[in-house]
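Here is how the chains run, residue by residue.
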Amino acid sequence: MNNVNDHLRTIIHVDIDCFYAQVEMIKNPSLMNLPLGIQQKNIVVTSNYVARQYGVQKCMKISDARKICSDLVLVNGEDLHDYRQMSYNVTACLRNYSDLVERLGLDENFLDITHLVKEKLHSNGSINSFGNVFGDTSMLCDCGCTERLKLGSQIAQEIRDRLRNELGLTTCAGIAHNKLIAKIACSKNKPNKQTIVFPNCAYELLLSLESVANIPWLGHVTAQLLAQHNITKVEELQNTSIDLLKTILGCDRAKFVRDLSLGNDLSPVKISGKPQSIGIEDSCKAISIEKEIEEKLRQLLNRLLVLVAEDGRIPKTLKITVRKYDKHNSHLSGRESRQCNISTSLFNNLKMTEVNKNKLISIIMILFKKIVDTKKTFHITLLGLSFTKFVEKPNTNILKKFLSRNIEVQSVTDFANTREECCTPTKVASTSYVLDSPEFELGPIPKRGKFQKLGTKRNLTNDLDDIEAPSKLKVAELRLNSSDSLPDTNHNISCPPNVNEEVFRELPREVQVELWENYRQTKDRDKQLISRLGKRTKTNSILHYMIHK
Ligand code: TTP
Ligand code: MG
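Given the structure is predicted, the values throughout are model-derived calculations rather than measurements. (Residues numbered from 1 in each chain as written. Chains lettered and ligands numbered in written order. Predicted model: local features only at pLDDT ≥ 70, side-chain atom pairs only at ≥ 80, totals over all residues. Heavy atoms only, no water.)

A. Inspection of the packing of helix 9 (residues 220–228) against helix 11 (residues 242–249) at higher detail. In contact at an axis separation of 10 Å, helix 9 and helix 11 are set at 120 degrees when each is read in the N-to-C sense. In terms of axis orientation, helix 9 runs oblique to helix 11. Both helix 9 and helix 11 take part in a crossing whose hand is right-handed. Residues Thr 222, Leu 225 and Leu 226 of helix 9 pack against Leu 245, Ile 248 and Leu 249 of helix 11. (Axes fitted to C-alpha atoms, helices over the stretch in contact; angles between N-to-C directions. Helix = DSSP H or I, 4+ residues; strand = E, 2+ residues; numbered from the N terminus. Parallel < 35°, antiparallel > 145°, perpendicular 65-115°, else oblique. Left-handed = near helix turned anticlockwise from the far one by under 90°. Contact = heavy atoms within 4.5 Å.)

B. The site of ligand 1, seen in detail. Taken together, 15 residues are adjacent to ligand 1, and Cys 18, Thr 46, Tyr 49, Asp 107 and Lys 190 come closest. With respect to ligand 1, the side chain of Thr 46 contributes an N or O atom lying 2.5 Å from an oxygen atom. The protein chains hide 76% of the 560 Å² of surface that ligand 1 would expose on its own. Listing elements by their share of the shell around ligand 1, those giving two or more residues are strand 1 (11–16), helix 1 (19–27), strand 3 (43–47) and helix 2 (49–53). Its residues assigned to classes, the shell around ligand 1 comprises seven nonpolar, two polar and six charged. (Near = heavy atom within 4 Å. Polar contact = N/O pair within 3.5 Å; in protein donor to acceptor, adjacent residues only side chain to side chain. Areas by Shrake-Rupley, 256 points an atom, 1.4 Å probe, with all protein chains shown as cover. Nonpolar A, V, L, I, M, F, W, Y, C, P; charged D, E, K, R; others polar.)

C. Here's a closer look at the packing of aromatic side chains. Going through the model one piece at a time under the given rule, you end up with six aromatic pairs. With 6.1 Å between their ring centres and 45 degrees between their planes, Phe 110 and Trp 217 make a pair best called tilted. Placement of the pair is Phe 110 in strand 7 (residues 108–112) and Trp 217 in the loop between helix 8 (202–207) and helix 9, with a sequence separation of 107 residues. Judged by relative accessible area, Phe 110 falls into the buried class, the value being 0%. With a centroid separation of 6.1 Å and 75 degrees between ring planes, the pair formed by Phe 368 and Phe 378 is classed as edge-to-face. Placement of Phe 368 in helix 14 (residues 354–371) and of Phe 378 in the loop between helix 14 and strand 14 (380–391) is noted, with a sequence separation of 10 residues between them. By the burial criterion, Phe 368 is buried, and Phe 378 matches it. In textbook terms, an aromatic cluster arises when at least three aromatic residues are bridged by ring pairs, as seen for Phe 19, Tyr 20 and Tyr 83. The aromatic ring of Phe 110 is capped on one face by Lys 179, whose charged end is 5.3 Å from the ring centroid. A cation sits over an aromatic face here: Arg 313 above Phe 390, 4.3 Å from the ring centre. (Phe/Tyr/Trp six-rings, centres within 6.5 Å; stacked < 30°, edge-to-face > 60°. Buried < 20%, exposed > 50% of the residue type's maximum accessible area, 1.4 Å probe, protein only. Lys NZ or Arg CZ within 6 Å of the ring centre and 35° of its normal.)

D. Quick look at the side chain of Ser 386. Residue position: Ser 386 is located in strand 14. What makes Ser 386 buried here is its relative accessible area of 10%. Every residue in contact with Ser 386, bar those within four places of it in the chain, is listed here: Ile 278, Gly 279, Leu 304, Thr 317, Leu 318 and Lys 319.

E. Local environment of the nonpolar core. Ranked by size, the top nonpolar core spans 37 residues in total, and within it Ile 12, Leu 111, Ile 155, Ile 159 and Leu 163 carry the most contacts. Mapped by element, the contributors of at least two residues to this core are strand 1, helix 1, strand 2 (36–40), helix 4 (81–94), helix 5 (114–123), helix 6 (145–167) and strand 9 (171–176). Sorting elements by how many residues they give to this core places helix 6 first, with seven residues. For Ile 159, the contacting residues outside a window of four places in its chain are Ile 12, Leu 94, Tyr 97 and Leu 111. Core analysis: the next-biggest nonpolar cluster, separate from the first, contains 36 residues, Ile 314, Ile 320, Met 352 and Ile 380 among them. (Core = buried A, V, L, I, M, F, W, Y, C linked by side-chain atoms within 4.5 Å.)

F. Up close: helix 7 (residues 179–186). For helix 7, the tally of buried residues reaches eight of eight residues, placing the bulk of the element in the interior. For helix 7, every residue scored as buried is listed here: Lys 179, Leu 180, Ile 181, Ala 182, Lys 183, Ile 184, Ala 185 and Cys 186. Where helix 7 begins, one side-chain oxygen reaches toward the backbone nitrogen of Leu 180, 3.1 Å away; that side chain belongs to Asn 178.

G. Fine view of the pattern of salt bridges. Under the definition given, this model contains 21 salt bridges. Overlapping salt bridges, with partners in common, bring together Lys 41, Asp 282, Lys 296 and Arg 303 in one network. (Salt bridge = Lys/Arg side-chain N within 4 Å of Asp/Glu carboxyl O.)

H. A look at the coordination of the magnesium ion (ligand 2). Taken together, Asp 15 (OD), Ile 16 (O) and Asp 107 (OD) make up the full set of protein donors to the magnesium ion (ligand 2), lying 2.1 to 2.2 Å away. Classification of the site at the magnesium ion (ligand 2) rests on its six donor atoms, whose angles at the metal span 78 to 171 degrees, yielding the label octahedral. Donor residues binding the magnesium ion (ligand 2) come from one chain and are separated in sequence as D-I-x90-D. Each member of the pair Asp 15 and Ile 16 is classed as buried. (Donors = N, O, S within 2.8 Å, 3.2 Å for Na, K, Ca; no water. Tetrahedral: all angles 85-135°; square planar, octahedral: opposite > 155°, others 65-115°.)

I. Up close: the sheet that holds strand 5 (residues 73–76). Taken in spatial order, the four strands of this open sheet run 4-3-2-5, and their pairing is mixed. Here the strands that pair on one side only, and so sit at the sheet edges, are strand 4 (60–61) and strand 5. Where strand 2 meets strand 5, four bridges bridge the pair, whose relative direction is parallel. The partner of Leu 36 across the bridge, within strand 5, is Val 73. The sheet strands contacting helix 1 are strand 2, strand 3 and strand 5, and the helix crosses strand 2 at an angle near 110 degrees. (Pairing = 2+ DSSP bridges.)

J. Looking closely at the confidence of the model for the chain. The predicted model of the chain has a mean per-residue pLDDT of 79, with 73% of residues at 70 or higher. Long-range and interchain partners of residues 403–490, a stretch whose pLDDT sits below 50, account for 172 contacts in this model, where long-range means more than four residues apart. Counting contacts from residues 535–549, a segment whose pLDDT is below 50, to residues more than four positions away or on other chains yields 36 contacts. (pLDDT = per-residue confidence, 0-100.)

What follows is the structure, encoded as structure tokens:
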């Protein structure tokens, strides 16, 4: 059960104390000694430790919190900007100690400091542990893990001191040989404390949990399934035969859950990159009017665009999530999602234009109507929007593309071009009610060629036709900003007339040369064409916009 090969790593789990409340107290230190609750809608999502002494807990209703603490100060915490910023600062600080840092939500991080510990072990004499030690330590393992974890606890203390000094935050930490034990250890002594758990005490640590529902990553649904078989205590789970677990949970899940119950976890600390999706959702009183839905979605979109702008990447897919309320079958009130590809050109500008926002709203409403038949009565109790499939913002290439490629009028979505790819029903979380049937696919969409207008029938594609193509405007704008001068013979390359000079000056010299050359060649070629044809060329290229009549 306790394999020493599983003791080789040193993992720290760091959790920020009453996170949102601390951020607010740092912003406004006068709140420091007052009972503080962070409000989202009618819920206290967290409270500082002064308020917790009165019994104000996370996720309490505002009205209940006020009853037990009449002096409670409430700060609205619906704008996550500052919390997100602080969260990234914390992760950045932790990266000073290891490349292997994994973010879990906004206020938790795992660090794998195995290498750092290995380096430091040689230079250390006798090692003392820092902070609390969990469990019976009379029989500790002699494989070397004890020293490594003790050293890990010193590093954890150093990290927490640094977070305190540099960012003003108090944190808790758990130190162990795997992520599961480190995470549980972290919650054992709060706030502003750390706890070390040696491998031989892992089993005991699991047994100390109140119920199986408290085992990290076990999941709500699994806990419910187990409860149906009267397995609610960790000990009961540990003693359940694997065969019975397989019957209840299926083969893979049974093994996973069994391992968790014993404190075994070989999962690596994965380096966190940027999030795969950025989303926002809002539950609401039942909305039954299309105009109000659009208004709500517009508000959500505005908030979401701020997040996407902060992230800095460009999304390629847009998803809408809707929860319908069915008066007659309330158990059918679940979430449904639809998604589609969107053109990255919508995000070309530093700030999204109103025109582009309206284009997105049109797309969102089309998706909405794929889920909800607005001709019939409907009641919507939750709306969500998210962007996924991000690409990095193009740098110089975009200018190159303007010059090297023919420009076509593009739809703002790929609906019209690659239907198969764009609108597929999305599977969402297990609590959702998703109909994976063909009726939730978009209706057939004819392909359309360049510049081709579709018929007059008002359908999805026509909606998209109304959305004007950005390319022409962009090129015209570039032309206005340009001067038709030749490159300097010495160091300064002149800006081609079709490129924004300010942007051009930021580019590396070789790209400037390439752009100029490209411009010159295409211009020469076009001149030849014009003289041959004796009339304005019909090429569908950028030159079309550059030729002086
Ligand atoms: P937690 O780590 O669960 O709580 P906390 O950091 O506030 O308090 P603790 O000292 O016990 O660690 O959650 C982190 C933040 O996430 C929290 O400050 C507020 C937010 N949050 C929500 O938005 N909704 C929720 O339901 C919960 C539990 C937290
Ligand atoms: Mg926390």
